[in-house]
Amino acid sequence: MKPKIGVFSFTSCEGCQLQVFNLEEEFASLIDQVEFVNFREAMSEKGEDYQIAFIEGSITRESEIETLKSIREKAEILIAFGACAHLGGVNNLKNLHPMDGWLPSVYNRKDLFTDTIPTRRIKDVVPVDYVMPGCPIDKCEFLRFVQSLILKIEPRLPDYPVCVECRSKGNICLVEQGKWCLGSITRAGCDAICPTYKDSCAGCRGLVEEPNIESLVNILLEKGFSKDEIRSKLGFFNGLEDIEI
Amino acid sequence: MTHDIHLHHITRIEGHGNLVLNIREGTIEELRLEIVESPRFFEVMLKGRRFDEAPHITSRICGICAISHTTASIKACEAAMDIAPSEETVLLRKILINAEVLQSHILHVYLLALPDFFGVGSIIPMVDTNPDIVRRALRLKRAANEVCRVLVGRHVHPIGMDIGGFKRLPTQKDLDEVRGLLESTAPDMDETIRFFEGIKMPEFNRATRYISLRSKDEYALYDGRLYKKGIPPIEPARYKELITEEVIEYSTAKHARSGDESIMVGALARVNNNYEYLCDEAKEAARRLGLEPPSTNPFMNNIAQVVESIHCIHDSLKLLDLLSSRSLRGEKSQIKVKAGNGVGAVEAPRGTLYHEYDIDEKGVIQGVNCIIPTAQNLLNIEEDIRSMVPTIIELPKNEIEQRLEMLVRAYDPCISCSTHFLEVKFVE
């Protein structure tokens, strides 16, 4: 029996689902091993008999809460799929602004779409069995993850920081060059793709276990970054802007 | 003939939309294309952030058109601060836009639209029944995505693009790899044209207003002026003279119109407006596939996407020739932070995309407006449905539903994009 998979999308850009499509040739072999029964972006059928549910996106409307709960009831295994589901992702940024200004600033009135709520992570609403981190998710990691589920091996994420992967790529440290970077406190598994393309790690994969935030903050302060700048970077994906500095 | 049609969460499109249609005794009593995607409030998110975070944040509006959003955002910042990117930067950006258009069109025509013509619910059963077609589509999509990976790290949320230049400038080796990838698509694109010669689009015509960028030098995707037939092209900064948006109670995406008229943007609009600038290979494909501009059949948007795919590949190869005739220099344009208002317009795969930012003297964003292609097409889709229903009303309900879903899908709507922004509250 092939395991049955449902892919569900809440508030997001749907880029993590697209990464599944972006497996391209491997996508064809993937569907030899699993059966997608519900995947609105890709197929018309809408099956309810899934065992594994991948949840993309954050929860930002009252109506999404009930839908998510009903998926949780049906699924044996539920995975927070991508940064919006895992951490809140960029959707967190709206929480930094007063809620009563959201609707007027976009729709110029307050009486429409009033079930809008502050961004919640999936684990704030239902229990989550596993997390697939990243903005977007890494498609190779997804493939390995699904293979683990099929073989009933406990999926594991790297428990070391992005710095480890970055050094092994031979990159010159961005912080040493006077730039900000959250690679030292962020969970690896992305192959340090952002620093490799000369961009700072913004922490989209979430914190590594036992992150030394204080040490990073001190280094960035020494490099001349202001406390506000540092808070803003820590808040980008992780929602850590309230941190004491 | 009485039908209550309610297509809940139309499938094989990007984002969440419903179609409600009540037909009583042969006339339409109620018609609503409801966009029920959750609003994201990017306009709120950006306020108070530094300008150089905008491309990073707005890329997350849409996973499919991430490069278009990043580009429009970069262009808006550059316009606000009078930053002129180098010619090499512009050439590279054009290759990236071409690659995004190619990957998005291939995704749509093959993986999302094609199952309708094979009478199946998705591409998945076709892996067994039509493996050649599926593998060809996946190879083409991979080539387009690989171009993006080589140049800027990945397609979904590109990394290396930046205001004033590139964070990491591609090397000559990268450019050679990109050339190899694009050249490798030739047999599959030949086969694609042959294949679509055998697919018949439904016959339905309704003339509307087609809007796109237009340039006097080339087939406009990265840059140009705004064009609607019958009026002289205008600078993108004046987009509000051409397009207005209104809030619709049943849709979290606003509806755009031009004057009193609904408009269409995207591949068909561009081919209709700028056919003469297509490369010869793309024109030949258009001829073979029966696309004669101006075409007023929205289903031909699928074919226009095939034609543009051909154009994007050949155009990128020409751009690579231009790049190899000059050395890639690492210098980025100087950025001097200053207050200003800037509009960045670009042709995303689904049509013209606008980002407008108001930036203060510290480089902090104070006002944002974005108009997303799908929001511009929604009213036109409703008008098409209104006009098409009488021609299909004698069909059984399930066939009417299927035909309407195909029509919506032909526009390749990207709904998670279209609920994002709007409104403008600029600080004076």
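Bear in mind that the values here come from a model prediction, so they are computed numbers and not experimental data. (Residues numbered from 1 in each chain as written. Chains lettered and ligands numbered in written order. Predicted model: local features only at pLDDT ≥ 70, side-chain atom pairs only at ≥ 80, totals over all residues.)

Visitor: Please explain the overall build of chain A as it appears in this structure.
Guide: Counting its secondary structure elements, chain A contains 10 helices and 7 strands. For a compact globule of 245 residues, the expected C-alpha radius of gyration is about 18 Å, and chain A comes in at 19 Å, within 12% of that figure. If one aligns the C-alpha atoms of chain A with their principal axes, the spans along those axes are about 55 × 50 × 25 Å. When each of the 245 residues of chain A is scored for burial, the buried share is 47%. (Helix = DSSP H or I, 4+ residues; strand = E, 2+ residues; numbered from the N terminus. Rg over C-alpha atoms; globule rule 2.2 N^0.38 Å. Buried ≥ 20, exposed ≤ 12 C-beta atoms within 10 Å, placed from the backbone.)

Visitor: Looking at this model, I keep getting lost on the sheet that holds strand β1 (residues 4-9) of chain A. Mind explaining?
Guide: Backbone-to-backbone hydrogen bonds join strands into a sheet, with any given pair of strands oriented parallel or antiparallel. Residue and element names in this part refer to chain A. Sheet architecture is open: 5 strands sit in the order β2-β1-β3-β5-β7, paired in parallel fashion. The sheet terminates laterally at β2 (35-39) and β7 (130-132), the two strands that pair on one side only. Taken pair by pair, the neighbouring strands of this sheet meet at an average axis angle of 25°, ignoring direction. Here β1 runs beside β2; their pairing, made up of 4 bridges, is parallel. If you follow Val-7 over to β2, its bridge partner there is Phe-39. (Pairing = 2+ DSSP bridges. Axes fitted to C-alpha atoms, helices over the stretch in contact; angles between N-to-C directions.)

Visitor: Mind showing me how you'd approach helix α6 (residues 139-150) of chain A here?
Guide: In an α-helix, one turn spans 3.6 residues; hence positions three or four apart end up facing the same way. Residues and elements named next belong to chain A. Here α6 contains 12 residues, and its C-alpha end-to-end distance of 17 Å stays within 8% of the 16 Å for a straight helix at 1.5 Å per residue. Restricting attention to buried positions, one finds in α6 the residues Lys-139, Glu-141, Phe-142, Phe-145, Val-146 and Leu-149. Considered in projection along α6, the buried side chains sweep an arc of 150° and stay on one side of the axis. Along its buried surface, α6 packs onto α1 (15-21), α2 (25-33), β3 (52-56), β5 (77-81) and β7. Just downstream of α6, Lys-152 is the residue with a positive phi angle, here 55°. (Expected span 1.5 Å × (residues − 1). Arc of directions from axis to C-beta. Contact = placed C-beta atoms within 7 Å.)

Visitor: Can you walk me through the packing of α2 of chain A against helix α6 (residues 131-152) of chain B in this structure?
Guide: The packing of two helices is summarised by the inter-axis angle and the distance between the axes. Put simply, α2 of chain A and α6 of chain B touch, their axes get as near as 8 Å, and they point 135° apart. In terms of their interaxial angle, α2 of chain A and α6 of chain B are classed as oblique. Between α2 of chain A and α6 of chain B, the contacting residues are Glu-25, Phe-27 and Ala-28 of chain A on the first element and Val-134, Arg-135, Leu-138 and Arg-142 of chain B on the second. Residues of the contact of α2 of chain A with α6 of chain B, tallied by class, amount to 4 nonpolar, no polar and 3 charged. (Parallel < 35°, antiparallel > 145°, perpendicular 65-115°, else oblique. Nonpolar A, V, L, I, M, F, W, Y, C, P; charged D, E, K, R; others polar.)

Visitor: Would you mind going over the packing of helix α10 (residues 267-274) of chain B against helix α12 (residues 301-324) of chain B with me for this structure?
Guide: Residue and element names in this part refer to chain B. The contact between α10 and α12 brings their axes to 7 Å, and the two run at 70°. One element, α10, and the other, α12, form an angle in the roughly perpendicular class. As α10 runs across α12, the sense of the crossing is left-handed. Contacts from Ala-267, Leu-268, Arg-270 and Val-271 of α10 reach α12 at Asn-301, Ala-304, Gln-305, Val-307 and Glu-308. Class assignment for the residues of the contact of α10 with α12 results in 5 nonpolar, 2 polar and 2 charged. (Left-handed = near helix turned anticlockwise from the far one by under 90°.)

Visitor: It is not clear to me how the domain arrangement of chain A should be interpreted in this structure. Could you clarify?
Guide: All names here are of chain A. On domain assignment, one finds that chain A holds domain 1 (4-150) and domain 2 (162-238). One C-alpha centre belongs to domain 1, the other to domain 2, and the line joining them spans 26 Å. With 9 residues of domain 1 at the contact, the number on the domain 2 side is 8 residues. Considering only residue class, the side of domain 1 that touches domain 2 consists of 4 nonpolar, 3 polar and 2 charged. (Domains from an automatic or database assignment.)

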